[in-house]
Protein chains: 4
Amino acid sequence: MKTNDQLRTTALADIEHISVHGRTTGSLSPLTLFWTGSALELEVTGSELWVEVEADYDTYEPWISIILNAEPVSRQMVTAGRRWICVFRGMNERVCKNIRIVKDTQAMSEDTACFLQIHAIKTDGEFMPVKKKPHKIEFIGDSITSGEGAIGAKEEADWIPMWFSAIQNYTYMTAAALDADYRVISQSGWGVLTSWDNNPNCSIPAQYEKVCGLLKGATNEKLGANRDYAFDSWQPDIVVVNLGTNDGSAFQTPAWVDPATGVSYKQRLHDDGSYHEDDIAKFERAAADFLTKLRLHNKKAHLVWAYRMLGIPLMPAIYRAVDTYKRESGDHHVSIFQLPGMTDETVGARSHPGVLAHEKAAAELAGYLKGILQS
Amino acid sequence: MKTNDQLRTTALADIEHISVHGRTTGSLSPLTLFWTGSALELEVTGSELWVEVEADYDTYEPWISIILNAEPVSRQMVTAGRRWICVFRGMNERVCKNIRIVKDTQAMSEDTACFLQIHAIKTDGEFMPVKKKPHKIEFIGDSITSGEGAIGAKEEADWIPMWFSAIQNYTYMTAAALDADYRVISQSGWGVLTSWDNNPNCSIPAQYEKVCGLLKGATNEKLGANRDYAFDSWQPDIVVVNLGTNDGSAFQTPAWVDPATGVSYKQRLHDDGSYHEDDIAKFERAAADFLTKLRLHNKKAHLVWAYRMLGIPLMPAIYRAVDTYKRESGDHHVSIFQLPGMTDETVGARSHPGVLAHEKAAAELAGYLKGILQS
Amino acid sequence: MKTNDQLRTTALADIEHISVHGRTTGSLSPLTLFWTGSALELEVTGSELWVEVEADYDTYEPWISIILNAEPVSRQMVTAGRRWICVFRGMNERVCKNIRIVKDTQAMSEDTACFLQIHAIKTDGEFMPVKKKPHKIEFIGDSITSGEGAIGAKEEADWIPMWFSAIQNYTYMTAAALDADYRVISQSGWGVLTSWDNNPNCSIPAQYEKVCGLLKGATNEKLGANRDYAFDSWQPDIVVVNLGTNDGSAFQTPAWVDPATGVSYKQRLHDDGSYHEDDIAKFERAAADFLTKLRLHNKKAHLVWAYRMLGIPLMPAIYRAVDTYKRESGDHHVSIFQLPGMTDETVGARSHPGVLAHEKAAAELAGYLKGILQS
Amino acid sequence: MKTNDQLRTTALADIEHISVHGRTTGSLSPLTLFWTGSALELEVTGSELWVEVEADYDTYEPWISIILNAEPVSRQMVTAGRRWICVFRGMNERVCKNIRIVKDTQAMSEDTACFLQIHAIKTDGEFMPVKKKPHKIEFIGDSITSGEGAIGAKEEADWIPMWFSAIQNYTYMTAAALDADYRVISQSGWGVLTSWDNNPNCSIPAQYEKVCGLLKGATNEKLGANRDYAFDSWQPDIVVVNLGTNDGSAFQTPAWVDPATGVSYKQRLHDDGSYHEDDIAKFERAAADFLTKLRLHNKKAHLVWAYRMLGIPLMPAIYRAVDTYKRESGDHHVSIFQLPGMTDETVGARSHPGVLAHEKAAAELAGYLKGILQS
């Protein structure tokens, strides 16, 4: 191998022009990427560029995708350890390239040892200013928004990071269609009130105000996941909430018993299969309260509750919750959008939306959000 | 990181059930993958699997894609050195998986130091028999068949391996549609008679009988690239020849002067832009002779000359060449198929066919080949 | 012209096997087709078949489409008078054909002279039993459901029957996809509470219990349009209500003043553009009452309110109305479905959904209704 | 019915601005439309317009399509007799409309009594100048080009005019995509040398120089079908020849015996299924001679032989024929284009290309012809 002796290593904190996507603590020494779709973005000249990454985990390894001039060129597992990954070689050194190193897998609430960091860049090029896009969108969701099953064969059944994608994902596609920067807050199995299996600790709203509050344990504490998130640093134009799918499942699954207290939690059905009034009311209250919390922190954003892709049973409750929020707050910058449903033709791995379902959802959602951005 | 102490390393040569795609010397100690689309295929149980690869190069690094149960899950550059790459982790150990490690980039005739090898597998699973597919297809071509430009933004202009793909490629797609095993012999810029710039040394037919004859230098010599290829080991049902695009360009580009002899080579045009009779005749003779050579080594294959995607100027000459071959040989198992042309909507990087152009070509070609396989 | 002397004329009332689609008075002497999508269906052998039609109007002429073996073969204006129209000639006399003569234009509430009748059939074939389809669907709607603009150039601005289609229409397409017989109750500009311009007389619910109550004048009285409709004669499995679009417009248009009483009607907006609570409540009350009326007459049908294609502003009110209806009635066989929106790519004539918008709506709606039919 | 007393009848010959498409004798008193796709085109203001047509036939009735502002609005059988057909009513009288009355069915060589004529127009509007399109294309073909099977169910087997379409046809679509005026010369079953069943009298080239030479009998003689065609009146930029499909079939069908002479005609196969050299040579000679004839009459046109949709067996012979023509003539403005093949998904009635096959062929052909028009 011919070595390129023009390469110089620069710690992230020493790079003049840098853009970080996704919620972080603000630290660049190193940069910890918590959420799926989080990314380091650079504009660089030069013929060659390497990125120094570090990862660890007990169970669920992180994956990254590399985007070069807005086109995905690489996707790979990042195994434990610290190492240099080559992003490009042999390119025209005078031409400026846009690169994004994107975390392809969600924050892993079940693996307290899991993290992904970026330490430094090695290149023979110069860093140029990174252009901000004209719009900002925050997506909040569950496994659908985490891109679970967007990669992999239909018969895959293992719950492993490989099947997750931040790129074959309606969030990435919608943001690209609208020329928007975006962030994602998402977790498979979680809901507004409880998880799919009635666990009230798995509530996205409860963790919304932390940098990445669903990550527990000493490592994540040290990395700052549980710090208060500085909402002022990034105010979106639109917040898309794609939650409710797991809250709907909770009505169909057994009770969850808190091992610490012995208390049992269950969203109940009547004998005729209809939702118990008290329990659907709990969901509605939680949804309305979440809207209040979102408005508290996102002063100017239009709030859009986007629901479906995997069924639509809670839509009436979501409409009631939004009505309640509007009535209580007097705030009218909130609306509901029904996403297209997944079909036999568009299913991916693990019975979750495949890439075709994400493309269809993105096309419809982008059309709807475009109207909001233009109004 | 929790370590999996059940992992055992096995050299390729010691694996009972193994399938290798693409022309090789037959060696598994290690396995050298020469051509794009070449691959190691395994059926394995187990929860985790790693592959030990080794690469080197002066200029053009190899890339690989990983296919799991027929779905692409990873694509990455393989930088110089020998290392373990994790293919999967955390899967159900009792379920058998099909994996393919595919060379995503062509043999690099311009880089005598370039190679990609696979040494060993590390897994906690068992190797199971790999099923052969019911059909075999060989594709022979140039940059189109090498998938140049199938990945990357339209504005990309650098000639680098990153823009090549064996997967976003009509060869892979056609074979998948027909449930066929396949091999690829291809090189950007090369033709039947000469390269795009009139170099007569860049002729695919001249190298066809070697394992990978276009690779030169001591390293490749040692790896066996220049050994006679054992055609008996793999007899295809169909040979697709997608050549002619660069032979057409040779009429439009300046003469090539052999630096060793000072002899000048040029496919000439008349003043009115039509092809010079003598030179088009040379192309036709070369094409007919290539068919003769193909038949010599592929006794039972239907030969299909598939041409277009980037223009169609040599089609009349190709028809004449096939007529000549048929007349001289009495062999009628040869035909010509016009591929769909690339359009502004389907162009990829470097003004080459993008993934949409490959998908369209594969759909049409697979439809045509299906008729041949059924007859 | 060679005359076919085997042709025999049979009055509709004398045909043993006949199927009529759409609400009628039951009379076949002649058969009056009131609503768009209404049709005469026959299964006939024979080489040739003619149908005797009669039409009149002051302003809006009727159009028909002819469907042969489920494929549209002809579409034509029916000008005033009584005449024979040839449906087919020269066919294999032994083969049985399915034919449908379909009214392509809506009942014209603005033209009291307009009617379309079928008197007789002339053929050399035999009438065979007409198969009933396994499902029955009723569609209730406005201009979208009347197929306004589904035919014609985008620049067309005249309000004329030519631009209406019962075939390039989501109702026809949805029914075909689900293998269902269907009926349509629809009128351009009408709504649940008022028309697009606040006229409370243009309310579909008010006319729902008559055969075709929105047709006025002596001619229609004689034809039986105002008779009570015999709901027992045809009980649908699903009723799709696609109303609300014009009720939404009423908030944006000037008041309507009843010329008889001088009373002014207006759905009001607040200064900030939000809906006046009293007026949106009136709409909700009307929508809930309509569901009650639908349930009264359609005992076993699942009721689906399908809304969008031309905006979505009343969706929260529709959800509230359905909630109210469910609470008051205890009936849970009712749901809401958001149709895909029309886009710049799918717009037709008169700024209404074109054929592509209808195809997309049908694909989504049919997928949703399929789930209901299977449950 | 309210009568429009502003309507005035004008004989075609008295209309100042008129455009006729397709080969005619030049007579407008009346205008006889011979070929499929032939049309009367007008630009008119006014609220209402009627056209007076006359038809007769023994077996095969003509059909027409009506195009209003470039969108098809009506399609109907024209039964024997002379009558007025209403084209539009109730339109804005000040707006100018473009209308085309198009013959939807081919010249019927098997029915000497068949004709379609237009006598007059009745309107309250004014005739405005009709714009010529920037390009002119002539299409020459067989049943594919006649649109046989482009309408109707897949199971249809009767050979009747109903299944023919000039609009759901690659000729209409290609011309529309290229903004071209166009003409069609076509006949089901006919070929270059013989018909599908070896009849040498059914050769398009033999009739090419007459207005519509394949129409026989006294009526057609009187209508001028057999007059020499005035090629000077309309010189195309491109001539597309879509012939060869029936010449290919002739090798597979029994001999045709001339009832007058007892002479037998047969394109022969060898025992191994290959074409007999003498007979394929006859086809090639006929094809080359046809190109010579086309060039004689179309001085400036690029000649394109477009072949496939229903198989490709004669493509090598067509390439040889074009080579022969080029060599003999020195003319290089001729090329060959392979159309996309019909598939199970795109088949229409009578095992012929359906509308999807025509759309695909038009997209590919228009892309190819665009390159020629721009060069």
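Parameters and conventions
- Residues numbered from 1 in each chain as written.
- Chains lettered and ligands numbered in written order.
- Predicted model: local features only at pLDDT ≥ 70, side-chain atom pairs only at ≥ 80, totals over all residues.
- Heavy atoms only, no water.
- Contact = heavy atoms within 4.5 Å.
- Buried area = accessible area lost by both parts, 1.4 Å probe.
- Salt bridge = Lys/Arg side-chain N within 4 Å of Asp/Glu carboxyl O.
- Polar contact = N/O pair within 3.5 Å; in protein donor to acceptor, adjacent residues only side chain to side chain.
- Helix = DSSP H or I, 4+ residues; strand = E, 2+ residues; numbered from the N terminus.
- Nonpolar A, V, L, I, M, F, W, Y, C, P; charged D, E, K, R; others polar.
- Disulfide = S-S within 2.5 Å.
- Buried < 20%, exposed > 50% of the residue type's maximum accessible area, 1.4 Å probe, protein only.
- Domains from an automatic or database assignment.
- Phe/Tyr/Trp six-rings, centres within 6.5 Å; stacked < 30°, edge-to-face > 60°.
- Lys NZ or Arg CZ within 6 Å of the ring centre and 35° of its normal.
- Least-squares fit on C-alpha atoms with pLDDT ≥ 70 in both.

S.K.: Please clarify how the interface of chain B and chain A should be interpreted in this entry.
M.R.: Reports often express the size of an interface as the amount of accessible area lost when the parts come together. In this complex, chain B contributes 36 residues to the contact, which on the side of chain A involves 37 residues. Carbon and sulfur atoms supply 55% of the area that chain B and chain A bury against each other, a total of about 2,900 Å² over both sides. The three residues of chain B that bury the most area against chain A are Met-1, Val-73 and Arg-89 of chain B, which together make up 21% of that side's buried surface. Between Arg-89 of chain A and Glu-61 of chain B there is a salt bridge; the shortest N-O distance is 2.5 Å. Our enumeration of links across chain B and chain A arrives at 13 residue pairs in polar contact (both at pLDDT 80 or more). Broken down by secondary-structure element, the contributors of at least two residues to the side of chain B that touches chain A are strand E5 (49-56), strand E6 (63-68), strand E7 (71-77) and strand E8 (81-88) of chain B. It is E7 of chain B that contributes the most residues to the side of chain B that touches chain A, 7 residues altogether. When grouped by side-chain class, the residues that make up the side of chain B that touches chain A number 18 nonpolar, 8 polar and 10 charged.

S.K.: Just to check I follow, could you spell out the arrangement of the chains for this structure?
M.R.: At the level of C-alpha atoms, the two units chain B and chain C stay apart, their nearest approach being 17 Å. In this assembly chain A lies apart from chain D, the nearest approach of their C-alpha atoms being 17 Å.

S.K.: Can you walk me through the state of the cysteines in this structure?
M.R.: Disulfides are covalent bonds that link the sulfur atoms of two cysteine residues. All told, the structure shown has 0 disulfides over all chains when counted by the stated rule. Unpaired in terms of disulfides, Cys-202 of chain C finds its nearest cysteine sulfur in Cys-212 of chain C, a separation of 13 Å. Taking the relative accessible area as the measure of exposure, Cys-202 of chain C reaches 12% and is therefore buried. Unpaired in terms of disulfides, Cys-212 of chain D finds its nearest cysteine sulfur in Cys-114 of chain D, a separation of 10 Å.

S.K.: What is the right way to read the interface of chain B and chain D from this model?
M.R.: Between chain B and chain D, the contact holds 17 residues from the first and 17 residues from the second. Taken as a group, Tyr-319, Gln-338 and Glu-364 of chain B account for 37% of the area that chain B buries against chain D, more than any other trio of residues on that side. Across the chain B-chain D interface, the total number found is 6 salt bridges. A salt bridge links Lys-360 of chain D to Glu-364 of chain B, with the nearest nitrogen and oxygen atoms 2.6 Å apart. Seen at the junction of chain B and chain D, the total is 5 residue pairs in polar contact (both at pLDDT 80 or more). Counting only elements with at least two residues in the side of chain B that touches chain D, the list comes to helix H6 (315-329), strand E18 (334-339) and helix H7 (355-374) of chain B. Class assignment for the residues of the side of chain B that touches chain D results in 8 nonpolar, 4 polar and 5 charged.

S.K.: Explanation requested: the domain arrangement of chain A in the structure shown.
M.R.: All names here are of chain A. Each assigned domain of chain A is listed here: domain 1 (8-128) and domain 2 (135-374). Relative to domain 2, the C-alpha centre of domain 1 lies at a distance of 26 Å. The interface is formed by 32 residues belonging to domain 1 together with 37 residues belonging to domain 2. Together, the buried faces of domain 1 and domain 2 total about 3,000 Å²; carbon and sulfur atoms form 60% of this surface. Sorting the residues of domain 1 by area buried against domain 2 places Arg-23, Trp-35 and Gln-106 first, and these three jointly supply 27% of that buried surface. On inspection of domain 1 and its partner domain 2, the count reaches 0 salt bridges. Looking at the side of domain 1 that touches domain 2 residue by residue, the class counts come to 13 nonpolar, 13 polar and 6 charged.

S.K.: What is the right way to read the packing of aromatic side chains from this model?
M.R.: The description of two aromatic rings rests on the distance between their centres and on the angle between their planes. Scanning all chains against the criterion turns up 42 aromatic pairs over all chains. For the ring pair Tyr-60 of chain A and Trp-159 of chain A, a centre distance of 5.0 Å and an interplane angle of 70 degrees mean the geometry is edge-to-face. Placement of Tyr-60 of chain A in the loop between strand E5 (49-56) and strand E6 (63-68) and of Trp-159 of chain A in the loop between strand E12 (135-141) and helix H1 (170-178) is noted, with a sequence separation of 99 residues between them. Here Trp-159 of chain A falls in the partly exposed class, since its relative accessible area comes to 27%. Between Tyr-208 of chain C and Phe-290 of chain C, the ring centres sit 5.6 Å apart and the planes meet at 80 degrees, which makes this aromatic pair edge-to-face. With a gap of 82 residues between them, Tyr-208 of chain C in the loop between helix H2 (204-207) and helix H3 (218-223) and Phe-290 of chain C in helix H5 (residues 277-297) connect regions that are remote in the sequence. For the pair Tyr-208 of chain C and Phe-290 of chain C, a shared accessibility class is recorded, and that class is buried. Grouped by ring-pair contacts, the aromatic residues Tyr-208, Tyr-229, Phe-231 and Phe-290 of chain A constitute a single cluster. Note that Arg-23 of chain C overlies the ring of Tyr-208 of chain C, its terminal NZ or CZ placed 4.6 Å from the centroid.

S.K.: Which parts of the structure should I look at to understand the relation of the copies chain B and chain D?
M.R.: Two copies of one chain are present, and they are related through a rotation about an axis combined with an axial shift. The transform that puts chain B on chain D rotates by 180 degrees and translates by 0.0 Å along the axis, for an RMSD of 0.0 Å. Taken together, the rotation and translation relating the two chain copies correspond to the operation of a two-fold axis. When the interface residues of chain B are mapped onto chain D, 100% of them again fall at the interface, so both copies present the same face.

S.K.: Explain the relation of the copies chain B and chain A here, please?
M.R.: Here chain B sits on chain A after a turn of 180 degrees about the axis and a move of 0.0 Å along it, with an RMSD of 0.0 Å. Mapped onto chain A, 100% of the interface residues of chain B again fall at the interface, so both copies present the same surface.

S.K.: Help me out: how do you make sense of the pattern of salt bridges in this one?
M.R.: Residue and element names in this part refer to chain B. For the coordinates displayed, the defined rule picks out 69 salt bridges over all chains. When the shortest N-O distance is used, the salt bridge between Lys-282 and Asp-279 registers 3.6 Å. Of the two residues, Lys-282 and Asp-279 both sit in helix H5 (residues 277-297), 3 residues apart, roughly one turn of that helix. What makes Lys-282 partly exposed here is its relative accessible area of 45%. For Asp-279, a relative accessible area of 0% corresponds to the buried category. Note that Glu-284 and Arg-320 form a salt bridge whose closest N and O atoms lie 2.8 Å from each other. Of this pair, Glu-284 sits in helix H5 while Arg-320 sits in helix H6, and the two are 36 residues apart along the sequence. According to the relative accessible area criterion, Arg-320 is partly exposed, its value standing at 25%.

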